[in-house]
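Architecture at a glance
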Amino acid sequence: METEINSIESYKNIYQKSITNTEEFWAEVASDYEWIKPWNKVFTGSFEEANISWFNEAKLNISSNCLDKNLKENGDKTALIWEPNNPNDATIKWTYKDLYIQTCKLANGLKSLGVVKGDRVCIYMPMIPEAVASMLACARIGAIHTVVFAGFSSSALADRINDCGCKVIITADAFYRGEKKIDLKTITDEAISNCPSIEKRIIYIHSNEPLVWIHELDINYHELIENQSNECKAEAMDSEDPLFILYTSGSTGKPKGLVHTSAGYMVYVGYTFAQVFQYKSGDIHWCTADIGWITGHSYIVYGPLLNGATTVLFEGIPTYPAADRNWEIVDKHQVNIFYTAPTAIRSLLAYGESPLENKKLDSLKILGTVGEPINEEAWAWYNKHIGKDNCPIVDTWWQTETGGILISPIAGITPLKPTFATLPMPGVLPILVDEHGNTVLGNGVEGNLCIAKPWPAIARSIYGDHKRYIETYLTIYKGHYFTGDGSKRDADGYYKITGRVDDVINVSGHRIGTGEVEDAINEHSIVIESAIVAYPHDIKGQGLYAFIICNANYMDEYALTNEIKAIVADKIGAFAKPDKIQIVKNLPKTRSGKIMRRILRKIAENDDSNFGDTSTLIDSSVVESIWEKRK
Ligand code: WT7
């Protein structure tokens, strides 16, 4: 069966077959990989039973598929190009052979510390090549990695380590993002003092400042790998053995540790990388995400490496030392595929065209976006000034839960429509559902986006809480996976994602749960209650607007606002700080005590045109008084 998409007709054929002969289709795709033992059944299970299983009883190792498989013919090919934060520092290039050796040495080092298959290892690292080696080293020995974005605070880090009981943490001493120093050693000191499961901390010396080592706990990364062998036999992983846990926010409660498993994730991510970006041998791929997010896992690390591609890893930020840094890197490393977030495009667009002077950008073939809806203006600017009207833009829709891209144009093949994620990937069956749970048929319709068929890379569970997994994703619309997003399907059957329909807010492509931010704010001694809603923000896409009730004796508003921001930075991370804070006497509540967020959203958006039905509120004058103060 044909699986490589090379024209719109072939897309249509492949898509049709992937839906009718799903198992045959994925078996064909999977035949491109190295299996230690073949599967006996491609797919079993169902959404109803929440027991999805792909490539049953197969044995494989994803790190061998990323490394050993490529060594045979491409050992000297560049696997990683590392671009440092400071442009005056040297670039590092690792070949597939280098990455293999670094991975094996670290894998042996981890083993020497007693890390075995199934153990959880936390990776809290800057964007450096060793972070990639750390992920692959865990995968090689069957340890489950949980990468935590290095912008999370010590308490958020500790929560994640404790939730999944990590035995080891791999980190660095410190690093710079732009001019800001991030002191990972101090942050992990604080976190680990509350993490009884941590036995060892491996510290990579990156910034070379004096360190106080903690005897018994700390190991120097260099010393750990120094005398280890260059070879480490890859563990034979069962297809459904967990590969990694990645935390993400939901509308309520603590962050969810989504569990991704070995075979299905590998097959799906490798396939979607090759198809969506129409990867051709020799292409240089740069995805600007952080490895702490799913985008980094799937399209900086695993997807490109599974295809033997060259992947760029950038330590810094697009505006340091100046707003032309991304474009400078594109020219410097002759990047062919550039994949970024709409928020980054909007923030660079605001600098105008002067950062583009003297930039050629002629190596670029394909552009991508991910993480949030893109607006017309940002799309047009990206297309004209970066793509020179000559690079297809793939607007890729997916989620931490989905593992890989589910709805996206195929670069250069799917006719584009700005702001549309367009058509589903092979094997993916999107449906729209109305508020009563009925499937909305036909085109030119709108609804809540669900996926009606399991695909190989779907997260299998929430770590330690399978019940929550079932309730969050598989219960609301029986028999379907519910995404939490709303979507339109236009007359051509193209999908346009309209945004979250739950209490998750997407700030600069970072997913933030309102409940988590409220919990952090409520810890302030003066705060009685709070409610967070989203409002449109020119650069971030959405901003956080906090309505807060304080007890009578609160100090001045300015000081309180700063304290509230500090507490959120401390509990979660600076990226989750509210943009606007309004102190209120009361919140609009229904008789059952539920906050009417719909009204708060209107107020935050500065729109009093229609507050809708307020008759169910205990006291409707609350709305008036909040609005007066907002003005
Ligand atoms: C949420 C998932 C998937 C990697 C990054 C984010 C939003 C994602 C798009 C897009 C419109 C998008 C959705 C989704 N989203 N891509 N192309 N167009 N919205 O992963 O943190 O799990 O967030 O991001 O709302 O549900 P995540």
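This text goes with the structure placed above it.
What you are looking at is a predicted structure, and each value in this text was computed from that prediction instead of being measured.

Thresholds applied
Residues numbered from 1 in each chain as written. Predicted model: local features only at pLDDT ≥ 70, side-chain atom pairs only at ≥ 80, totals over all residues. Heavy atoms only, no water. Pairing = 2+ DSSP bridges. Helix = DSSP H or I, 4+ residues; strand = E, 2+ residues; numbered from the N terminus. Axes fitted to C-alpha atoms, helices over the stretch in contact; angles between N-to-C directions. Left-handed = near helix turned anticlockwise from the far one by under 90°. Contact = heavy atoms within 4.5 Å. Nonpolar A, V, L, I, M, F, W, Y, C, P; charged D, E, K, R; others polar. Buried < 20%, exposed > 50% of the residue type's maximum accessible area, 1.4 Å probe, protein only. Polar contact = N/O pair within 3.5 Å; in protein donor to acceptor, adjacent residues only side chain to side chain. 1 Å grid on protein atoms, 1.4 Å probe; cavity = no way out; pocket = protein on both sides within 12 Å on 5 of 7 lines; lining within 4 Å. Points joined across faces, edges and corners; volume = space filled by probe spheres on them.

So, on to the sheet that holds strand β25 (residues 481–489). One open sheet accounts for five strands, arranged β22-β21-β23-β25-β26; its pairing is antiparallel. Each end of this open sheet is capped by a strand with a single partner; those strands are β22 (439–440) and β26 (495–500). Bridge analysis of strand β23 (residues 445–451) against β25 gives six bridges, and the strand direction is antiparallel. Across the sheet, residue I451 finds its bridge partner in β25, namely Y481.

For the pair helix α6 (residues 129–141) and helix α11 (residues 294–306), the least separation of the axes is 11 Å and the interaxial angle reads 65°. Here the hand of the crossing between α6 and α11 comes out right-handed. Contacts from V132, M135, L136 and A139 in α6 reach H297, V301, Y302 and L305 in α11. Considered class by class, the residues forming the contact of α6 with α11 number seven nonpolar, one polar and no charged.

Before going further, it helps to examine the side chain of S461. Of note, S461 is situated in strand β24 (residues 461–462). A relative accessible area of 15% places S461 in the buried class. For S461, the side chain forms a polar contact with the side chain of H466, separated by 2.7 Å. Ignoring anything within four residues of it in the chain, the contact list for S461 reads G257, L258, V259, H466 and Y469.

Below, the discussion takes up the layout of surface pockets. By volume, the second largest pocket amounts to about 380 Å³. If you go around the second largest pocket, you meet 19 residues; those closest to its centre are E4, D32, A274, Q275 and N307. Only α4 (68–74) and α10 (262–276) provide two or more residues apiece to the lining of the second largest pocket. Broken down by element, the lining of the second largest pocket gets its largest block of residues, four residues, from α10.

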